[in-house]
Amino acid sequence: MKVKRSYGERIGYAIILIVMITYALTTLYPFWHVLMYSISDSGRAMTGGLFFLPRGVSLLSYRTVFQTHQIFVAYRNTILKTVVGTVLSLIITALTAFPLSIRRLRGRNAISMYIFFTMLFSGGMIPTFLVVQNLGMIDTFWALIIPGLMSAYNMFIMRNYFQQLPPELEESAYIDGATPPVVLAAIILPVSTPCLAAVAMFYAVGNWNSYLDCLLYTNSGDLQVLQIYLRNLIDSAGAMDAIASVSGDSTHQLSAETVKMTTIAVSILPILILYPFLQKFYTKGVTTGAVKG
């Protein structure tokens, strides 16, 4: 049965709809602007203004960017950092969250408070650098992974999700002779897919976008990640160096701004493509894991 709304309700829904559409457009337009600018003719794009459609389609900037060897090195390092870092972070987070979710564990509240304390106060940039240096990880791939391996926030999300699972699942497994690692791997994790997907997305986006660890802990160009490469191109001198390093006479047709927009586009598109596949798990995983403290 169709419910007839009053005039005031229709006005209210119309206002809400307008606000939501406006918010969505203001969120999406910056990405659209970057994409349209990057495929526009460089000379016409320099006139400025809003870009709702490309101004003379040209893929010269993409050919130029992908002709540079360094962007493939940066892509390789970023993909490796994202995949390896996300997998290891999920493992460490699950191994920490599972015992802290067991109510009979003595001292679990004290341990949880100790981990929570790191969310309020960190050791600082210089002490962290000295730790990484003393561990011999400077200019190594592991310097991009280990310092930020576990997030306390993500650990608490996963711990709270484990706590709301029926205790009968764990108890029945122990009765059958299962050990805690078996319970975690065979019982808990398979029924925690929404939470794992949400936490994996947090870690993946963080690893993909991170640049400070590469900036602080590496000096070699072979360990450069995509965000550092983008940072160098955003600097006008870095952009012009990238253009000059490409053989051919056609690069003079490009502006530094076009190269910047193109590099931004190729750096954000992979994570934007991945997000819709995990988005369906995001809300369920986070809200379910945040119900209990």
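Note that the coordinates shown come from a computational prediction; the quantities given were computed from them, not determined experimentally.

Brief notes about a nonpolar patch on the surface
Here comes step 1: Taken together, the side chains of Met113, Phe116, Phe117, Met119, Leu120, Phe121 and Tyr153 define a hydrophobic patch exposed on the protein surface, amounting to about 740 Å² of accessible area.
Here comes step 2: Among the elements that make up the nonpolar patch, the one with the highest residue count is helix H5 (residues 108-120) (5 residues).
Here comes step 3: Relative to the helices and strands, Met119 resides in helix H5.

Observations concerning the UniProt feature "transmembrane region" (unreviewed entry) in the protein
Here comes step 1: As recorded in UniProt, the feature "transmembrane region" (unreviewed entry) lies at residues 12-32, 83-102, 114-135, 141-162, 182-205 and 259-278.
Here comes step 2: With 50% helix and 0% strand, the stretch residues 141-162 has end C-alpha atoms that lie 32 Å from each other.
Here comes step 3: Span residues 182-205 is 83% helix and 0% strand, its end C-alpha atoms 30 Å apart.

Topic: the pattern of salt bridges
Side-chain pairing between opposite charges can occur once the charged atoms of the two side chains come close.
Here comes step 1: Taken as a whole and assessed by the stated rule, the structure comprises 1 salt bridge.
Here comes step 2: For Lys81, the salt bridge identified is with Asp213, shortest N-O distance 2.9 Å. Highlighted residues: Lys81 in helix H4 (residues 69-100) and Asp213 in helix H11 (residues 212-217), separated in sequence by 132 residues. Neither residue differs from the other here; Lys81 and Asp213 are each classed as buried.

Comments concerning the environment of Leu223
Here comes step 1: Tracing the sequence through the fold places Leu223 in the loop between H11 and helix H12 (226-234).
Here comes step 2: By relative accessible area, Leu223 is classed as buried at 13%.
Here comes step 3: Taking the C-alpha atoms as reference points, Leu223 and Val73, 150 residues apart in sequence, are found 7.8 Å from one another.
Here comes step 4: Setting aside its immediate chain neighbours within four residues, Leu223 contacts Asn77, Asp139, Thr140, Phe141, Leu144, Cys214 and Thr218.

Points about unusual backbone geometry
Here comes step 1: Backbone geometry at Asp139 places phi at a positive 60 degrees, although glycine is not the residue there.
Here comes step 2: Along the chain, Asp139 turns up in the loop between helix H6 (125-134) and helix H7 (152-163).

Structural notes on the layout of surface pockets
Here comes step 1: One number sums up the size of the largest pocket: a volume of about 680 Å³.
Here comes step 2: As for the largest pocket, its lining consists of 18 residues, of which Thr118, Pro147, Gly148, Met150 and Ser151 are closest to the centre.
Here comes step 3: Mapped by element, the contributors of at least two residues to the lining of the largest pocket are H5 and H6.
Here comes step 4: In terms of residue class, the lining of the largest pocket is built from 11 nonpolar, 7 polar and no charged.

Procedures and definitions
- Residues numbered from 1 in each chain as written.
- Predicted model: local features only at pLDDT ≥ 70, side-chain atom pairs only at ≥ 80, totals over all residues.
- Heavy atoms only, no water.
- Patch = residues over 30% accessible without salt bridge, like charges linked within 9 Å, V, L, I, M, F, W, Y side chains within 5 Å.
- Areas by Shrake-Rupley, 256 points an atom, 1.4 Å probe, with all protein chains shown as cover.
- Salt bridge = Lys/Arg side-chain N within 4 Å of Asp/Glu carboxyl O.
- Helix = DSSP H or I, 4+ residues; strand = E, 2+ residues; numbered from the N terminus.
- UniProt positions renumbered as here; feature names shortened; annotations may be inferred.
- Buried < 20%, exposed > 50% of the residue type's maximum accessible area, 1.4 Å probe, protein only.
- Contact = heavy atoms within 4.5 Å.
- 1 Å grid on protein atoms, 1.4 Å probe; cavity = no way out; pocket = protein on both sides within 12 Å on 5 of 7 lines; lining within 4 Å.
- Points joined across faces, edges and corners; volume = space filled by probe spheres on them.
- Nonpolar A, V, L, I, M, F, W, Y, C, P; charged D, E, K, R; others polar.

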